[in-house]
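# Residue-level structural notes
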Amino acid sequence: MGPRREPTARELRLGVELRRLREAAGLTAIEAAALLGVNRVQISQIESGVKGVSEQRVRRLASHYACTDDEFVDALVAMAVDRTRGWWEEYRGLLPTSFLDLSELEHHARFLRHVAILYVPGLLQTEDYSRAVFSARLPELTAEEIDLRIRHRHARQRFTVPYEAVIHEAALRIRVGDRATSRAQLVRLLELSEAPHITVRVVPFDLDGFAGASSTMTYVGGSVPKLDTVVRDALHGTAFIDSEAQLNTYRTSFRTVDAASLDPGQSREFIHRLAKEL
């Protein structure tokens, strides 16, 4: 397999997990290369996601690294042999790579969770709401760039896996666009909250127990828990977090937020009252 020009987040993650297994086994890249009968450069390329790896080699490496978690190894093999070019590939070169990587993560997810503080989550946004959000970006986006982002976001909304959004009251009250846009967004949230795979929960201003977990995040459930990912937006761009220690921190954070939110029925009533105020 020849070198890739730009590995995706999924390809990078496979390489990271293979490196973690090697390091846990106490082997150097040179020693791992000798076990496969290749050179050190090839191991480095595999671990950096630059070069693909076959099912046979993934299983041989896992065996050499004394990994006995068969489910995890099977998941790594699935990542290695998957050559699917998803719908998001049509946007390659047109949108930032992080947009495509997020789409790929969501496509392979077992479940999705989102904590929203300032904006309604993208997967639940109306077109007008999305347009207002993208139009407020700095530096300013061109009309063509905004249209591309909206089309991409709309395509992401065709997910079918279980999705839970915990939305702070601030995100529901902040006027994004005009009054009509904000009201239509609240109505859309009510409609989506009735879908069997979507759960919407609200954290009101006056509810206790939320301050310690007040950060926006998307939690993407991998094919096995070890392959979960947290996605955070930062000033320097989108961060994909996958170390076990950090994942455990965010799992705890989500449980804290979930416990501090209204139940789905109460949340729908809350959103309905806000919509009537507009």
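Throughout what follows, the structure given in this document is the object of discussion. (Residues numbered from 1 in each chain as written. Predicted model: local features only at pLDDT ≥ 70, side-chain atom pairs only at ≥ 80, totals over all residues. Heavy atoms only, no water.)

## Some points on the overall build of the protein chain
Quick note on the threshold: Runs of H or I in DSSP of at least four residues are treated as helices and runs of E of at least two as strands, each being numbered from the N terminus. Relative accessible area decides the class of each residue, using a 1.4 Å probe on protein chains only: under 20% of the type maximum gives buried, over 50% gives exposed, and in between gives partly exposed. Should any heavy atoms of two residues lie within 4.5 Å, those residues are considered in contact. Accessibility throughout is a Shrake-Rupley quantity obtained with a 1.4 Å probe, and a residue counts as covered only by protein chains that appear here. None of His or the chain ends enter the tally, which takes Lys and Arg as positive and Asp and Glu as negative. In this description, the location of a charge corresponds to atom NZ of lysine, CZ of arginine, CG of aspartate or CD of glutamate.
The number of helices and strands found in the protein chain is 12 helices and six strands. Principal axes of the C-alpha set define a box for the protein chain whose edges measure 70 × 40 × 30 Å. Within the span of the protein chain, comprising 278 residues, buried residues form 48% of the whole. In the protein chain, once contacts between residues fewer than 6 apart in sequence are set aside, the share between residues at least 24 apart is 73%. Summed over its atoms, the accessible surface of the protein chain is roughly 14100 Å², and 51% of this surface lies on carbon and sulfur atoms. Computed over 37 positive and 38 negative side-chain charges, the separation of the two mean positions in the protein chain equals 2 Å.

## Remarks on the pattern of salt bridges
Note the cut-off: Counted as salt bridges are all cases of a side-chain nitrogen of Lys or Arg within 4 Å of a carboxyl oxygen of Asp or Glu.
Taken as a whole and assessed by the stated rule, the structure comprises 23 salt bridges. Between Asp74 and Arg59 there is a salt bridge, with the nearest N and O atoms lying 3.1 Å from each other. Residue Asp74 is located in helix H5 (residues 70-81), and its partner Arg59 is located in helix H4 (residues 55-64); the two are separated by 15 residues in the primary sequence. For Asp74, a relative accessible area of 40% puts it in the partly exposed group. Arg59 gets classed as partly exposed once you look at its relative accessible area, which sits at 35%. Between Glu89 and Arg92 there is a salt bridge; the shortest N-O distance is 2.6 Å.

## Remarks on the side chain of Gln185
For Gln185, the location among the structural elements is in helix H10 (residues 179-192). Once residues within four sequence positions are removed from consideration, Gln185 is found in contact with Val120, Leu124, Gln125, Thr126 and Tyr129.

## Re the packing of aromatic side chains
Counted only if it meets this: Under the pairing criterion, centres of Phe, Tyr and Trp rings, with the six-membered ring standing for Trp, must be within 6.5 Å; the plane angle then separates stacked pairs below 30 degrees from edge-to-face pairs above 60, leaving the rest tilted. Charge over a ring is defined by NZ of Lys or CZ of Arg lying within 6 Å of the ring centre and within 35 degrees of the ring normal.
For the structure on display, the rule yields four aromatic pairs. Taking 6.2 Å as the distance between ring centres and 90 degrees as the angle between the ring planes, the aromatic pair formed by Trp87 and Tyr91 counts as edge-to-face. Taking relative accessible area as the criterion, Tyr91 reaches 6% and is therefore assigned buried. Through a chain of ring-to-ring contacts, the aromatic side chains of Trp87, Trp88 and Tyr91 assemble into a single cluster. The side chain of Lys226 reaches across the aromatic face of Phe72, ending 4.8 Å from its centre.

## Quick look at the sheet that holds strand E4 (residues 217-221)
For clarity, the cut-off: In this analysis, strands are considered paired if DSSP registers two or more bridges between them. Orientation is described by lines fitted to C-alpha atoms, with helices fitted over the stretch in contact, and by angles between N-to-C directions that extend from 0 to 180 degrees.
On the basis of which strands lie adjacent, the open sheet formed by six strands has the order E3-E2-E1-E4-E5-E6 and mixed pairing. This sheet does not close on itself; its edge strands, each paired only once, are strand E3 (198-203) and strand E6 (237-241). Taking the axes of each pair of neighbouring strands and ignoring which way they run, one obtains an average angle of 15 degrees across the sheet. Here strand E2 (residues 163-168) runs beside E3; their pairing, made up of six bridges, is parallel. Note on E3: the bridge partner recorded for Glu164 is Thr199.

## Considering unusual backbone geometry
Put simply, Leu138 and Pro139 share a cis peptide bond, and its omega is -5 degrees. Here Pro139 shows up in the loop between helix H7 (127-135) and helix H8 (143-156). Despite not being glycine, Ala66 shows a phi value in the positive range, around 60 degrees. Counting through the fold element by element, Ala66 comes out in the loop between H4 and H5.

## Notes on empty space enclosed by the protein
For clarity, the threshold we go by: Using a 1 Å grid laid over the protein atoms alone, points where a 1.4 Å probe fits but cannot get out form a cavity; open sets with protein on both sides within 12 Å along at least 5 of 7 lines form a pocket; any residue with an atom within 4 Å of a point counts as lining. Grid points are joined across faces, edges and corners, and a volume is the space filled by probe spheres set on the points. Ten residue types, Ala, Val, Leu, Ile, Met, Phe, Trp, Tyr, Cys and Pro, are classed as nonpolar, four, Asp, Glu, Lys and Arg, as charged, and the remainder, Gly among them, as polar.
Counting across every chain of the model gives one cavity of 30 Å³ or more. The space that makes up the largest cavity amounts to roughly 40 Å³. Considering the residues around the largest cavity, the lining is formed by Val120, Tyr129, Ala171, Leu172, Ile174, Ser182, Gln185 and Leu186. Considering each element in turn, the lining of the largest cavity owes the most residues, three residues, to H10. In the lining of the largest cavity, the residues fall into six nonpolar, two polar and no charged.

## Overview of the nonpolar core
Selection rule: What is meant by a nonpolar core is a set of buried Ala, Val, Leu, Ile, Met, Phe, Trp, Tyr and Cys residues, joined one to another through side-chain atoms within 4.5 Å.
If you look at the biggest cluster of nonpolar residues, it comprises 33 residues, and the most contacted ones within it are Leu124, Tyr163, Ile167, Leu172, Leu189 and Ile271. Every element with two or more residues in this core is listed here: helix H6 (97-107), strand E1 (111-116), H7, E2, helix H9 (169-173), H10, E3 and helix H12 (264-277). One finds Leu36, Val58, Met79 and Leu227 within the second-largest nonpolar core, a separate group that totals 25 residues.

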